[in-house]
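# Overview (structure and organization)
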Amino acid sequence: MTDTIENTDQYFMQRAFELAQQAEQHDEIPVGAVVVHQGKIIGEGFNQSIMLNDPSAHAEMLAIRQAGKHLNNYRLIDCTLYVTLEPCPMCAGLLVHSRIKRLVYASPDLKTGAAGSVFNLVSSPQLNHQLIVDSNIMTEQCSELLSGFFKRRRSEKKAAKKQQNAADAKG
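Residues numbered from 1 in each chain as written. Predicted model: local features only at pLDDT ≥ 70, side-chain atom pairs only at ≥ 80, totals over all residues. Heavy atoms only, no water.

## A closer look at the overall build of the protein chain
From N to C terminus, the protein chain includes five helices and five strands. In sequence order, the protein chain lays out its α and β elements as α-β-β-α-α-β-α-β-β-α. Across its three principal axes, the protein chain shows a C-alpha extent of roughly 65 × 30 × 30 Å. Looking at the protein chain residue by residue over its 171 residues, the buried ones come to 43%. A fraction of 57% describes how many contacts in the protein chain between residues 6 or more apart in sequence connect residues 24 or more apart. Only carbon and sulfur atoms are counted for the fraction: they give 52% of the accessible area of the protein chain, which is about 9,700 Å². A distance of 7 Å separates the average location of the 18 positive side-chain charges in the protein chain from that of its 18 negative side-chain charges. (Helix = DSSP H or I, 4+ residues; strand = E, 2+ residues; numbered from the N terminus. Buried < 20%, exposed > 50% of the residue type's maximum accessible area, 1.4 Å probe, protein only. Contact = heavy atoms within 4.5 Å. Areas by Shrake-Rupley, 256 points an atom, 1.4 Å probe, with all protein chains shown as cover. Lys, Arg positive; Asp, Glu negative; His and termini not counted. Charge placed at Lys NZ, Arg CZ, Asp CG, Glu CD.)

## Some details on the nonpolar core
Grouped together as the largest cluster of nonpolar side chains are 26 residues, with contacts concentrated most on Val35, Leu81, Leu95, Ile100 and Leu103. Looking at this core, the elements that each hand over two or more residues are strand E1 (32–37), helix H3 (59–71), strand E3 (79–85), helix H4 (89–98) and strand E4 (102–107). Setting aside chain neighbours within four positions, we find Leu103 in contact with Leu81, Val83, Pro87, Leu95, Ala115, Leu131, Ile132, Val133 and Asp134. Formed by 17 residues, the second largest nonpolar core is a distinct cluster that contains Phe12, Ala20, Phe46 and Cys142. (Core = buried A, V, L, I, M, F, W, Y, C linked by side-chain atoms within 4.5 Å.)

## Considerations on the sheet that holds E3
Read from one edge of the open sheet, five strands run E2-E1-E3-E4-E5, paired in mixed fashion. Both outer strands of the open sheet, strand E2 (40–46) and strand E5 (132–135), are each paired with one neighbouring strand and no more. On average, adjacent strands in this sheet sit at an angle of 15° to one another, irrespective of strand direction. Inspection of the sheet shows E1 paired to E2 by six bridges, in the antiparallel sense. What sits directly across from Gly32, in E2, is Phe46. Sheet strands in contact with H3 are E1, E2 and E3, and its direction is about 145° off that of E2. (Pairing = 2+ DSSP bridges. Axes fitted to C-alpha atoms, helices over the stretch in contact; angles between N-to-C directions.)

Here you go:
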């Protein structure tokens, strides 16, 4: 039984990873998410905050919106969310409100994670819903994608600053 669950988790996390790669292609933070109900993907998304000029356009948010439309319900009971990065507080709150049953994430977010790393909104006994949380599925691949993205971004900023300094020195 555990083997089947692990293989299923691997399969759906792989799709979330592919979506994260799409985000990176659009120069967005590479995070992807899928919502699964009865073994089928009913919602998916990747970070699009920059593209859409919408700070709420996180992968989880977009996937959950799509899943709600698919089920014609704002409650996503018996659904699992697979996401490549631990949800932030905004998305964790969304998971609680939408009644997602289970969260599976790949990489912990040690700066803003709200599923156990920094905060634990998804399992807080003070809230009216708690999620089952699993992690460590494809952690290495997802972490490498994120760290590579930020390393490239820092390098680009450094090069732009260097170029600006050179232009200022000439002018």
